There are 2 protein chains.
Amino acid sequence: MMAAAHEKTLDDLFLNTLKDIYYAEKKILKALPKMAKAARSEQASVAFLKHRDETEVQIQRLEQVFEILGKAPRGKTCDAIEGIIGEGEEIIAEFEESPAIDAGLIAAAQAVEHYEIARYGALKAWAAQLNMKDAVRLLDQTLKEEIKTDELLTKLGMAGANAQAA
Amino acid sequence: MMAAAHEKTLDDLFLNTLKDIYYAEKKILKALPKMAKAARSEQASVAFLKHRDETEVQIQRLEQVFEILGKAPRGKTCDAIEGIIGEGEEIIAEFEESPAIDAGLIAAAQAVEHYEIARYGALKAWAAQLNMKDAVRLLDQTLKEEIKTDELLTKLGMAGANAQAA
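Residues numbered from 1 in each chain as written. Chains lettered and ligands numbered in written order. Predicted model: local features only at pLDDT ≥ 70, side-chain atom pairs only at ≥ 80, totals over all residues. Heavy atoms only, no water.

### Section: the overall build of chain A
Inference 1: Scanning chain A from terminus to terminus reveals five helices and zero strands.
Inference 2: Ordering the α and β elements of chain A from the N terminus gives α-α-α-α-α.
Inference 3: Computed over the C-alpha atoms, the radius of gyration of chain A is 17 Å, within 12% of the 15 Å expected from 2.2 N^0.38 for a compact globule of 166 residues.
Inference 4: By principal-axis analysis of the C-alpha atoms, chain A measures approximately 55 × 25 × 20 Å.
Inference 5: The burial tally for chain A puts 56% of its 166 residues in the buried class.
Inference 6: Residue pairs in contact within chain A that sit at least 24 positions apart in sequence constitute 81% of those at least 6 positions apart.
Inference 7: A total of about 7,500 Å² of accessible surface is found on chain A, and carbon and sulfur atoms cover 52% of it. (Helix = DSSP H or I, 4+ residues; strand = E, 2+ residues; numbered from the N terminus. Rg over C-alpha atoms; globule rule 2.2 N^0.38 Å. Buried < 20%, exposed > 50% of the residue type's maximum accessible area, 1.4 Å probe, protein only. Contact = heavy atoms within 4.5 Å. Areas by Shrake-Rupley, 256 points an atom, 1.4 Å probe, with all protein chains shown as cover.)

Spelled out as structure tokens, the structure:
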């Protein structure tokens, strides 16, 4: 049963957002191999595939958080990730033949990373507030990976993709 | 005239992304007063309104970048921001009567900030690659403001909104 609006608490917001990012991660899992295929440089392609593998583990961590809550893992349509990934697909369609494709793909992937950083940051803070220590640990592991991936992508842009594109 | 796909370069990607964030900023400008109105705490409300004023200046900076390019400022539908703001509106609809509303609004605003951080980060790196020094300066000013706003929102969550919500 859904709680009435005035009875809704942080637990509801936490579960709501957990479903949102669970849906998002599954979309990202499907998008990354397409991005790897569209990339020109070996480095960008390898980075996308490596993050695909990380995403698989991140999905398992979310499933562990659902388990802590005693809930079956279930996604909830996440319009934000639909929009962000849709823009990445537009970049592929418009720039696939262009030397700027890798710069565009890296930027698209960074928009994905930043969405995840925002969501995992909120979830981790709320889990701490709700005294869910194991969930904090799981969410923090993923948050750190997302931040590291974003930094790696910035370096990849600096290291060559942007110069190649100009 | 549009460049053919294989002729497209970083200039095209830059202009494309500039139009995307210009559209996004205008959407954000309209969303922030609604978020301020929905917030329970004075602090959250004030933070949203302050960022609304900042957004106005950020839009002017983007217009200066269009001018540097010799182009009229024009937005291009940004599905990412539509999705991100749409999720914020869902939070308002579902949690308006709940003590968790401010925690939800703050998280929604941080998703917006992170989208902007990703976009301005890419634009700034590309402007540097394209030797557009004035554009680098303008984009960096906004990027720093977005990072600062995100940090402020994290503190607001920690300072009370999350505790109030639990």
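So much for the structure itself; the text now carries on.
### Topic: unusual backbone geometry
Inference 1: Phi is positive for A:Asn131, which is not a glycine, with a value near 60 degrees.
Inference 2: Judged by its relative accessible area of 68%, A:Asn131 is exposed.

### What to know about the pattern of salt bridges
Inference 1: Throughout the structure, instances matching the rule amount to 22 salt bridges over all chains.
Inference 2: Between A:Arg61 and A:Glu145 there is a salt bridge; the shortest N-O distance is 2.9 Å. With A:Arg61 in helix α2 (residues 42-69) and A:Glu145 in helix α5 (residues 133-165), this pair connects stretches of sequence that are 84 residues apart. Take A:Arg61 and A:Glu145: they sit in the same class, and that class is buried.
Inference 3: A salt bridge links B:Asp20 to B:Arg119; its shortest N-O distance comes to 3.4 Å. Of the two residues, B:Asp20 sits in helix α1 (residues 10-38) while B:Arg119 sits in helix α4 (residues 101-129), which places them 99 residues apart along the sequence.
Inference 4: In this structure B:Asp20 comes out as buried when scored by relative accessible area, which is 7%. (Salt bridge = Lys/Arg side-chain N within 4 Å of Asp/Glu carboxyl O.)

### Focus on the interface of chain B and chain A
Inference 1: Between chain B and chain A, the contact holds 43 residues from the first and 43 residues from the second.
Inference 2: Summing both sides of the interface, chain B and chain A together bury roughly 3,600 Å²; the carbon and sulfur share of this comes to 60%.
Inference 3: When the buried surface of chain B facing chain A is broken down by residue, B:Lys8, B:Glu87 and B:His114 rank first, second and third, together holding 15% of it.
Inference 4: Between the two partners, chain B and chain A, sit six salt bridges. (Buried area = accessible area lost by both parts, 1.4 Å probe.)

### Some points on the side chain of A:Glu25
Residue and element names in this part refer to chain A.
Inference 1: Tracing the backbone shows Glu-25 in helix α1 (residues 10-38).
Inference 2: Buried charge without a partner: Glu-25 forms no salt bridge, and the closest opposite charge is Arg-61, 7.8 Å away.
Inference 3: If sequence neighbours within four positions are ignored, Glu-25 has contacts with Thr-55, Gln-58, Ile-59, Leu-62, Glu-116, Tyr-120, Thr-142 and Glu-146. (Lys, Arg positive; Asp, Glu negative; His and termini not counted.)

### Some remarks on the side chain of A:Gln110
Inference 1: Relative to the elements of secondary structure, A:Gln110 occurs in helix α4 (residues 101-129).
Inference 2: Beyond its immediate chain neighbours, meaning those up to four positions away, A:Gln110 contacts A:Asp150, A:Leu153, A:Thr154 and B:Ala118.

### Quick word on the packing of α2(A) against α4(A)
Residue and element names in this part refer to chain A.
Inference 1: The N-to-C vectors of α2 and α4 enclose an angle of 20 degrees; their axes lie 12 Å apart at closest approach. Here α2 is positioned roughly parallel relative to α4, judged by the angle of their axes. At the point where α2 passes α4, the crossing takes the left-handed sense. Along its contact with α2, which presents Ala-44, Phe-48, His-51, Gln-58 and Leu-62, the element α4 presents Asp-102, Leu-105, Ile-106, Ala-109, Glu-113, Glu-116 and Tyr-120. (Axes fitted to C-alpha atoms, helices over the stretch in contact; angles between N-to-C directions. Parallel < 35°, antiparallel > 145°, perpendicular 65-115°, else oblique. Left-handed = near helix turned anticlockwise from the far one by under 90°.)

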